[in-house]
Protein chains: 2
Amino acid sequence: MTRAALRSEIDQALSDLRDFLGDRATAAEAVREHHGHGESSHKPALPDLVCFPHSTQEVSRIVQVSARYGLPVVPFGAGTSLEGGVNSLRGGISIDTRRMNRVLRLSVEDMDATVEAGISRTQLVKALENTGLTFFIDPGADATIGGMASTRASGTTAVKYGTMRDNVLGLTVVLADGRVIHTGSRARKSSAGYDLTRLFVGAEGTLGVITEVTLRLHALPEALAVAVCAFDSIEGAVRTVIDAIQLGVGPARIEFMDDRLVDAVNRYSKLELAVKPTLLFEFHGLSHAGVEEAARLAERLATEHGGLGFHWETTPAGRERLWEARHHVYYAARALRPGCECLTTDVCVPISRLADCMVETRADLDRVSFPATIVGHVGDGNFHVQCLLAPEQEEEAEAFSDRLVKRAHSMGGTCTGEHGVGFGKIKYLKAEHGEALELMRAIKRTLDPENRMNPGKVVEFD
Amino acid sequence: MTRAALRSEIDQALSDLRDFLGDRATAAEAVREHHGHGESSHKPALPDLVCFPHSTQEVSRIVQVSARYGLPVVPFGAGTSLEGGVNSLRGGISIDTRRMNRVLRLSVEDMDATVEAGISRTQLVKALENTGLTFFIDPGADATIGGMASTRASGTTAVKYGTMRDNVLGLTVVLADGRVIHTGSRARKSSAGYDLTRLFVGAEGTLGVITEVTLRLHALPEALAVAVCAFDSIEGAVRTVIDAIQLGVGPARIEFMDDRLVDAVNRYSKLELAVKPTLLFEFHGLSHAGVEEAARLAERLATEHGGLGFHWETTPAGRERLWEARHHVYYAARALRPGCECLTTDVCVPISRLADCMVETRADLDRVSFPATIVGHVGDGNFHVQCLLAPEQEEEAEAFSDRLVKRAHSMGGTCTGEHGVGFGKIKYLKAEHGEALELMRAIKRTLDPENRMNPGKVVEFD
């Protein structure tokens, strides 16, 4: 198609969209720019049009317009993607879900809720206040539930409460031809056919647009304890985690920070943690006695592995300060090198190989020219590296990232534990999945034969 | 194809199979008969040939032979299917996996293992003795792990440890053209592409043959408590379950039996339980104090809802006797009517509707001409009905089953919580999934265009 013909198609599409969206469909430059990127250093790519639907029905009509003019469709939530998942690589229509942010249904007895895809994690948690329930999955960023489902997000509490894979009971999805389907049910389990819910969770919008999500909720713990413990070595910290899980201590969070990150966090969040490999623990339980039992056992295990003593955060304010600091590690790391680009990468390995993987990675980082920090959801074997880069160091960082993924693969792990593939990690999927990648392609072709659904992400299409 | 031509094809296929399997490929009548049915009352359907492979590679070669001659392939494990999943509806090759029963890899640190599909649940549990770990998923029958993965099985412990959906980390699968793929990884979580593992879990062999399974294992609890409690009403029992889960009591099992089943169990297993709606509880924990705390809280909740007092099973022998009785409910129910057929059906609803669903079902059963009992994994909202039938009552039972599924659907539930679809429940999928069923069909067509993989199961193919 010539440029002029494409332009005319886009104009016609906008006109069709305005018929039912009014000024909630736009080609305004500033809006397009805002929707051209997430939070990563990946190069922005602008959509031609941006829409702000209010309902599944409107999303379906938008997708029908995209089909009519052969335009790509890219779902957009909070824009916190780290692998370029929301970038409109081939232009088209960015569907901003943020005006679809209602809780449609809440059942305290069933401990589940159905929400629109554009509600953010903190909006949902707020809506659950005074119900005795909450939604624990917490990737750090205030992402939308639709975005979290699409990237199979997890975060600090996955070690106890699972990932989005485990906490989505059902979905409403708009398919490439505009058809609306409902997957799963409100039953806690089912053996009635293929698990379509899990097919869309983690598909990053490449198979359809998620518009509603039925979520499993969790009871707020009756009692809670939080502690910090510094270690002499990475190995000692990881060994503590392995033992704690094997003994069934059941922590709600076990987070790791390397010494450089602790230093950065101390400066950024005004804490005074020992500048050592450090674990943050949180325990949830039925009673203070139960929580204390688990926490004391973890403390004993830490001491056996070179832990330098638990520091207990006994006040709500102290606990909040600590977890807020943990949530801000991305900014704390960036502040180590003001004005830098930050490449945040994410691998996950079997926990038996986690210490090896982190120690080798730390040694690797000692040989590169840029500063970098390590933070990990170590109960899951998952860790991230923040590479703080001047523009001329991007290539070197990419080479580091290749080595890191190769290392994770050689240890039986995965190239991304929770950030998703986007387009940043497509190149690693062949090594990770082998022949199974062909099956992913076949499924993509079946569900999206024209390759309009978030094209260029997750699986290459030819 | 004429009958003679088909016969000749089958003879040639057998000859090809014998080239690499020797006498582990057979057309012997008795073997075919054994492989023509599971444990249900569904009409048997014999395969033409039965194979006993030793490896994934042999399964791949068998599937290649099936492709060469256009013959169906039906995986067969322990033969405990309740919905006709293993019946060879269109003849073809039954692949008996029971000689593939090795533990290929075990990691205590990672709490995972890779096993061949034909290992049974109790074989696996035995192999894990003295490791401090176990595999908790327990559908009652001593099914194979491959069969359990294929039906997305669960059972008594799912309320704490999840179903096969949650406990399979990865699979080796032979596709319809004989290609071998590996899904998932040994990492605890991943966002690297489509969740193919969950696509095959619950697909009942209709998309490929599962040959190896990587499983999540669990730590044996340090402490354990088991109790029985009779209730005045079904509602009181269910209300206790809801409150216990909401308060985070976290039982490892909560099983329900209706009064008629308790009566049957008393006779069959020589127990003396009160003939009332009854809950069986099991609690797992870090210490006796922790377990007791949870159990005492459950006891208080039960008392509030008409519970007639907890009876504690304090000895290992007493606990074993109780759970063995629970496991034998199928036989206990059948013994109520010697020589009967037994239709066992299985629905799952949101727990807020469970009491309504069970009470309405009990009332429905009061109006039919056959005796029936109810047992449930009530923590999940899942229950089964055993209908004890004379041959002339099968139609009446089928009508009851239709009403039961309709009731479950109207309450937001599913037509099968854990038994699978097989061919017994195909007719309910349209009502349950609507337009999404078309997507399941499209996926089936993509992965198995010739409809050779367990044809006639889960999704109809035209």
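Residues numbered from 1 in each chain as written. Chains lettered and ligands numbered in written order. Predicted model: local features only at pLDDT ≥ 70, side-chain atom pairs only at ≥ 80, totals over all residues.

Looking only at helices and strands, chain A has 17 helices and 18 strands in total. Relative to the compact-globule value of 23 Å for 462 residues, chain A shows a C-alpha radius of gyration of 22 Å, a close match. In terms of overall dimensions, chain A has C-alpha extents of about 70 × 55 × 40 Å along its principal axes. Across the 462 residues of chain A, 59% fall into the buried class. Here the analysis covers contacts within chain A between residues at least 6 apart in sequence; of these, 72% occur between residues at least 24 apart. (Helix = DSSP H or I, 4+ residues; strand = E, 2+ residues; numbered from the N terminus. Rg over C-alpha atoms; globule rule 2.2 N^0.38 Å. Buried ≥ 20, exposed ≤ 12 C-beta atoms within 10 Å, placed from the backbone. Contact = placed C-beta atoms within 7 Å.)

This brings us to the interface of chain B and chain A. Between chain B and chain A, the residue contacts involve 79 residues of the former and 78 residues of the latter. Taken together, the elements giving at least two residues each to the side of chain B that touches chain A come down to α7 (164-167), β9 (180-184), α8 (196-200), α9 (234-246), α11 (288-304), α16 (429-433) and α17 (436-447) of chain B. Counted by class, the side of chain B that touches chain A contains 32 nonpolar, 29 polar and 18 charged residues. (Nonpolar A, V, L, I, M, F, W, Y, C, P; charged D, E, K, R; others polar.)

Residues and elements named next belong to chain A. Of note, the phi angle at methionine 111 is positive, near 55°, even though the residue is not glycine. With respect to the helices and strands, the residue methionine 111 is situated in the loop between β5 (103-107) and β6 (112-116). Taking the C-beta count within 10 Å as the criterion, methionine 111 has 22 such neighbours and is therefore assigned buried.

Turning next to the domain arrangement of chain A. Segmentation of chain A into domains returns domain 1 (3-96), domain 2 (103-219), domain 3 (223-325) and domain 4 (337-433). When each unit is reduced to the centre of its C-alpha atoms, the spacing between domain 1 of chain A and domain 3 of chain A is 44 Å. (Domains from an automatic or database assignment.)

Attention now goes to the sheet that holds strand β15 (residues 307-313) of chain B. Residue and element names in this part refer to chain B. Here we have 7 strands laid out as an open sheet, ordered β15-β12-β14-β13-β17-β18-β16, and antiparallel in their pairing. With partners counted over all chains shown, the strands left at the sheet margins are β15 and β16 (341-348), one partner each. Within the sheet, the average angular offset between the axes of one strand and its neighbour, ignoring direction, is 20°. With 6 bridges joining them, strand β17 (residues 372-377) and strand β18 (residues 382-389) adopt antiparallel strand pairing. Residue alanine 372 lies in a different strand from β18, and its bridge partner there is cysteine 387. (Pairing = 2+ DSSP bridges. Axes fitted to C-alpha atoms, helices over the stretch in contact; angles between N-to-C directions.)

The next thing to look at is the environment of threonine 416 of chain A. Within the secondary structure, threonine 416 of chain A sits in the loop between α15 (394-410) and α16 (429-433). Along the sequence, threonine 416 of chain A and valine 347 of chain A sit 69 residues apart, while their C-alpha atoms lie 4.6 Å from each other. Not counting the four nearest positions on each side in its chain, threonine 416 of chain A is found in contact with Asp346, Val421 and Lys425 of chain A together with Ser190, Ser191 and Ala192 of chain B.

For the rest of this paragraph, the subject is the relation of the copies chain B and chain A. Superposition of the two copies of the chain requires a rotation about an axis together with a shift along that axis. The two copies are related by a screw operation: chain B maps onto chain A through 180° of rotation and 0.0 Å of translation along the axis, at an RMSD of 0.0 Å. Within this description, the copies of the chain are treated as partners about a two-fold rotation axis. Both copies share a contact surface, since 99% of the interface residues of chain B are interface residues in chain A too. (Least-squares fit on C-alpha atoms with pLDDT ≥ 70 in both.)

Residues and elements named next belong to chain B. Read from one edge of the open sheet, 5 strands run β5-β6-β10-β8-β9, paired in antiparallel fashion. Edge positions in the sheet fall to β5 (103-107) and β9, since each of these pairs with one other strand and no more. Each strand of the sheet is rotated relative to its neighbour by a mean of 10°, with strand direction disregarded. Of the pairings in the sheet, the one linking strand β8 (residues 168-174) to strand β10 (residues 209-216) comprises 6 bridges and is antiparallel in character. When the bridges of β10 are listed, threonine 172 appears paired with glutamate 212.

Attention now moves to helix α17 (residues 436-447) of chain A. Residue and element names in this part refer to chain A. End to end, α17 covers 17 Å across 12 residues, agreeing with the expected 16 Å (1.5 Å per residue, within 8%). Buried within α17 are the following residues: Ala436, Leu439, Met440, Ile443, Lys444 and Leu447. Here the buried residues of α17 occupy an arc of 140° about the axis, which is enough to place them on one side. (Expected span 1.5 Å × (residues − 1). Arc of directions from axis to C-beta.)

All names here are of chain A. Among the 6 residues that make up strand β17 (residues 372-377), 6 are buried, leaving the element largely enclosed by the rest of the structure. Bridging between strand β13 (residues 253-257) and β17 involves 2 bridges; their strand directions are antiparallel. In the sheet register, phenylalanine 256 faces β17, and the bridge partner there is glycine 376. Linkage of β17 to strand β18 (residues 382-389), two consecutive antiparallel strands, is achieved through a turn of 4 residues, within which glycine 381 is found at a positive phi near 80°.

Turning our eyes to something else, we now look at the packing of helix α1 (residues 3-21) of chain A against helix α3 (residues 56-69) of chain A. Residue and element names in this part refer to chain A. The N-to-C vectors of α1 and α3 enclose an angle of 160°; their axes lie 10 Å apart at closest approach. The angle between α1 and α3 falls in the class roughly antiparallel. Where α1 crosses over α3, the handedness of that crossing is right-handed. Contact residues: α1 offers Glu9, Gln12, Ala13, Asp16, Leu17, Phe20 and Leu21, while α3 offers Glu58, Arg61, Ile62, Val65 and Tyr69. Taken together, the residues of the contact of α1 with α3 break down into 7 nonpolar, 1 polar and 4 charged. (Parallel < 35°, antiparallel > 145°, perpendicular 65-115°, else oblique. Left-handed = near helix turned anticlockwise from the far one by under 90°.)

Turning to the environment of glutamate 304 of chain A, a few remarks are in order. All names here are of chain A. For glutamate 304, the location among the structural elements is in helix α11 (residues 288-304). A count of 12 C-beta atoms within 10 Å places glutamate 304 in the exposed class. Taking the C-alpha atoms as reference points, glutamate 304 and alanine 399, 95 residues apart in sequence, are found 37 Å from one another.

On to the packing of helix α9 (residues 234-246) of chain A against α11 of chain A. Residues and elements named next belong to chain A. Relative orientation of the contacting elements α9 and α11 amounts to 145°, with a least axis distance of 9 Å. Handedness of the α9/α11 crossing: right-handed. For the pair α9 and α11, the contacting residues are Thr240, Asp243 and Ala244 in the first and Ala298, Leu301 and Ala302 in the second. Here the contact of α9 with α11 is built from residues that sort into 4 nonpolar, 1 polar and 1 charged.

Structurally, methionine 440 of chain B is set in helix α17. Taking C-alpha positions, methionine 440 of chain B is 28 Å from leucine 354 of chain B, a pair spaced 86 residues apart along the chain. Excluding residues that lie within four positions of it along the chain, methionine 440 of chain B makes contacts with Gly193, Tyr194 and Leu196 of chain A together with Val459 of chain B.

All right, on to the pairing of β5 of chain B then. Residues and elements named next belong to chain B. One ladder, built from 4 bridges, connects β5 with strand β6 (residues 112-116); its direction is antiparallel. The residue bridging serine 107 from the neighbouring strand is aspartate 112, located in β6. In this antiparallel pair of consecutive strands, β5 and β6, the connection spans 4 residues, and methionine 111 shows a positive phi of 55°.

To continue, consider the confidence of the model for chain A. On average, residues of chain A score 95 in pLDDT, and 100% of them are at 70 or above. Here the prediction assigns the complex a pTM of 0.97, and the interface score ipTM is 0.96. (pLDDT = per-residue confidence, 0-100.)

On to helix α12 (residues 316-327) of chain B, then. Residue and element names in this part refer to chain B. Counted at 1.5 Å a residue, the expected span for α12 with its 12 residues is 16 Å, and the 16 Å between its end C-alpha atoms agrees. Those residues of α12 not exposed but buried are Leu322, Ala325 and Arg326. Down the axis of α12, the sector holding all buried residues measures 105°, keeping them to one side. Residues of α12 that are exposed and point more than 90 degrees away from the buried face comprise Pro316, Ala317, Glu320 and Glu324. The inward-facing, buried residues of α12 contact β12 (223-231), β13 (253-257), α10 (259-269), β14 (278-285), β15 and α13 (329-335).

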